[in-house]
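Residue-level structural notes
If you want the building blocks of each chain, they are given just below.
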Amino acid sequence: MAESLHQVRFPNESEAYRTARNELLRAEGDLRQRIEEVAALRRRLPRGGRVKQDYVFDELVGGAPRQTRLSELFAPDRPSLIVYSFMYGPDVEKPCPLCTCFLDGADRYALHLAQRVNLVVVAKSPIARIQAWAAQRAWNRLRLLSSSGNSYNADYFAEDPTGGQMPACNVFTRTDDGVFHSWAAELLYAPVKGHPRHVDLLWPIWSFLDLTPEGRGSWLPQLSYG
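Residues numbered from 1 in each chain as written. Predicted model: local features only at pLDDT ≥ 70, side-chain atom pairs only at ≥ 80, totals over all residues. Heavy atoms only, no water.

**Thoughts on helix 2 (residues 97-113)**
The line we're drawing: Numbering of helices and strands starts at the N terminus; helices are DSSP runs of H or I of at least 4 residues and strands are runs of E of at least 2. Helix span, expected: 1.5 Å multiplied by one less than the number of residues in the helix. Given a residue, its bend is the angle between the two axes fitted to the seven residues that end at it and to the seven that start from it. Each residue is assigned to one of three classes by its accessible area relative to the maximum for its type, calculated with a 1.4 Å probe on protein chains only: buried under 20%, partly exposed between the two thresholds, exposed over 50%. Whether two residues are in contact is decided by their heavy atoms, any of which lying within 4.5 Å being enough.
End to end, helix 2 covers 23 Å across 17 residues, agreeing with the expected 24 Å (1.5 Å per residue, within 8%). The largest bend in helix 2 amounts to roughly 45° and is located at Asp107. For helix 2, the set of buried residues is Leu98, Cys99, Thr100, Cys101, Phe102, Leu103, Ala106, Asp107 and Ala110. Packed against the buried residues of helix 2 are strand 3 (80-85), strand 4 (118-123), helix 3 (127-137) and helix 5 (205-210).

**Observations regarding the environment of Glu186**
Topologically, Glu186 is positioned in the loop between strand 7 (178-184) and helix 5. For Glu186, a relative accessible area of 52% gives the class exposed. Note: C-alpha distance between Glu186 and Leu144 (42 residues apart in sequence) is 23 Å.

**Describing the pairing of strand 7**
Basically, it comes down to this: Note: two strands are recorded as paired if DSSP finds a minimum of 2 bridges between them.
Relative to strand 7, strand 6 (residues 169-175) runs antiparallel, the two being bridged by 6 bridges. Looking at the pairing, Thr175 lines up with Gly178 of strand 7.

**Some remarks on unusual backbone geometry**
In this structure, Asn12 takes a positive phi of about 65° despite not being glycine. With respect to the helices, strands and loops of the structure, Asn12 is situated in the segment before helix 1 (15-43). Residue Asn12 is classed as exposed on the basis of its relative accessible area, which comes to 80%. You will see that Ala138, though not glycine, has its phi angle at about 65°, which is positive. Assignment of secondary structure puts Ala138 in the loop between helix 3 and strand 5 (144-146).

**Focus on the side chain of Thr100**
Within the secondary structure, Thr100 sits in helix 2. Residue Thr100 is classed as buried on the basis of its relative accessible area, which comes to 1%. Apart from the residues within four sequence positions on either side, Thr100 is in contact with Phe86, Pro95, Trp133, Arg137, Trp139 and Leu223.

**Considering the packing of aromatic side chains**
We count it as follows: Two rings from Phe, Tyr or Trp (for Trp, the six-membered ring) form a pair when their centres sit within 6.5 Å of each other. Planes less than 30 degrees apart are called stacked, planes more than 60 degrees apart edge-to-face, and all others tilted. By definition, being over a ring means that NZ of Lys or CZ of Arg is both within 6 Å of the ring centre and within 35 degrees of the ring normal.
All chains considered together, the criterion is met by 15 aromatic pairs. Aromatic side chains Phe102 and Trp203 sit 5.8 Å apart centroid to centroid with 80° between the ring planes, which places their arrangement in the edge-to-face category. One end of the pair, Phe102, is in helix 2; the other, Trp203, is in the loop between strand 7 and helix 5, with 101 residues separating them in the sequence. Classification of Phe102 as buried rests on a relative accessible area of 7%. Relative to Tyr156, the ring of Tyr152 has its centre 5.4 Å away and its plane inclined at 25°; by these criteria the two rings are stacked. Tyr156 carries the same exposure label as Tyr152, and that label is buried. Among the aromatic residues, those joined into a ring-pair cluster are Tyr55, Phe57, Tyr152, Tyr156 and Phe172. The ring of Phe180 has Arg47 sitting right over it, with the charged end atom 3.9 Å from the ring centre.

**Overview of a nonpolar patch on the surface**
To be explicit about the condition: To count toward a patch, a residue needs a relative accessible area above 30% and no salt bridge. Like charges then connect within 9 Å, nonpolar side chains (Val, Leu, Ile, Met, Phe, Trp, Tyr) within 5 Å. Surface accessibility in these figures is a Shrake-Rupley result with a 1.4 Å probe; residues are shielded only by whichever protein chains are displayed. Each reported salt bridge corresponds to a side-chain nitrogen of Lys or Arg within 4 Å of a carboxyl oxygen of Asp or Glu.
A cluster of nonpolar side chains, contributed by Leu31, Ile35, Leu201 and Leu202, occupies part of the molecular surface with about 400 Å² of accessible area. By secondary structure assignment, the location of Ile35 is in helix 1.

**Some remarks on the layout of surface pockets**
Stated formally: The pocket and cavity definitions rest on a 1 Å grid over protein atoms only: a 1.4 Å probe that fits but cannot leave marks a cavity, an open set with protein on both sides within 12 Å along at least five of seven lines marks a pocket, and residues lining either have an atom within 4 Å of a point. Grid points are joined across faces, edges and corners, and a volume is the space filled by probe spheres set on the points. Nonpolar residues are Ala, Val, Leu, Ile, Met, Phe, Trp, Tyr, Cys and Pro. Charged residues are Asp, Glu, Lys and Arg, and all others, Gly as well, are polar.
Within this model, the largest pocket holds a volume of roughly 1500 Å³. Arg42, Val171, Trp183, Leu201 and Leu202 are, among the 43 residues lining the largest pocket, the residues nearest its centre. Counting only elements with at least two residues in the lining of the largest pocket, the list comes to helix 1, strand 3, helix 2, strand 6, strand 7 and helix 5. For the lining of the largest pocket, the residue count by class is 26 nonpolar, 7 polar and 10 charged. Considering only enclosed or pocket space, the second largest pocket measures out at about 250 Å³ in volume. Every residue lining the second largest pocket is counted, 18 residues in all, and those nearest its centre are Leu98, His195, Trp203, Trp206 and Leu220. Along the lines of polarity and charge, the residues of the lining of the second largest pocket split into 11 nonpolar, 4 polar and 3 charged.

So, in structure tokens, the structure goes:
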């Protein structure tokens, strides 16, 4: 039997279970270390390209419409901006169920993220339509923006050449020299088998399912469950 990493034993577990669990535990430790190493590599990236333009977005503040520039989305003490692109174009009846599931969770921890970073959600639909969907989902902490009047989605690959919407995630940083692109969830564009899972690390629901013997299976989130 391989050397154990700790002395915890659960009721009635077998030696076969403990041996396999020790092997898995080592793999879990290796994975955690690798995640930390990848995060360090991400932090060491050279500065990306200067933003193509100071995009003007539509938003509703207290029910009143206003236009807000990308450069105005940074709080004075928070130089990083995370932009999640919500697949809700003007030509679709309903938004993406997976994006909606992701944002159901993000709305609740947006309060905590706001202590450290700036977070916004951008969709191509008109802002009133986005806010109407947010009201149905009881989102009240996410800062929601419409890119219907600018080229942000096309420039930062949140839509394909035919105008189809994509669930992109981009990070921008503000410096004394201006605003620059920092990182994108580029697994979305890489040739991978199956779903790219490019925002899995930001979407805890999959980690819950991965804990179980059944795993994720073929299940996908829906807008509602009968």
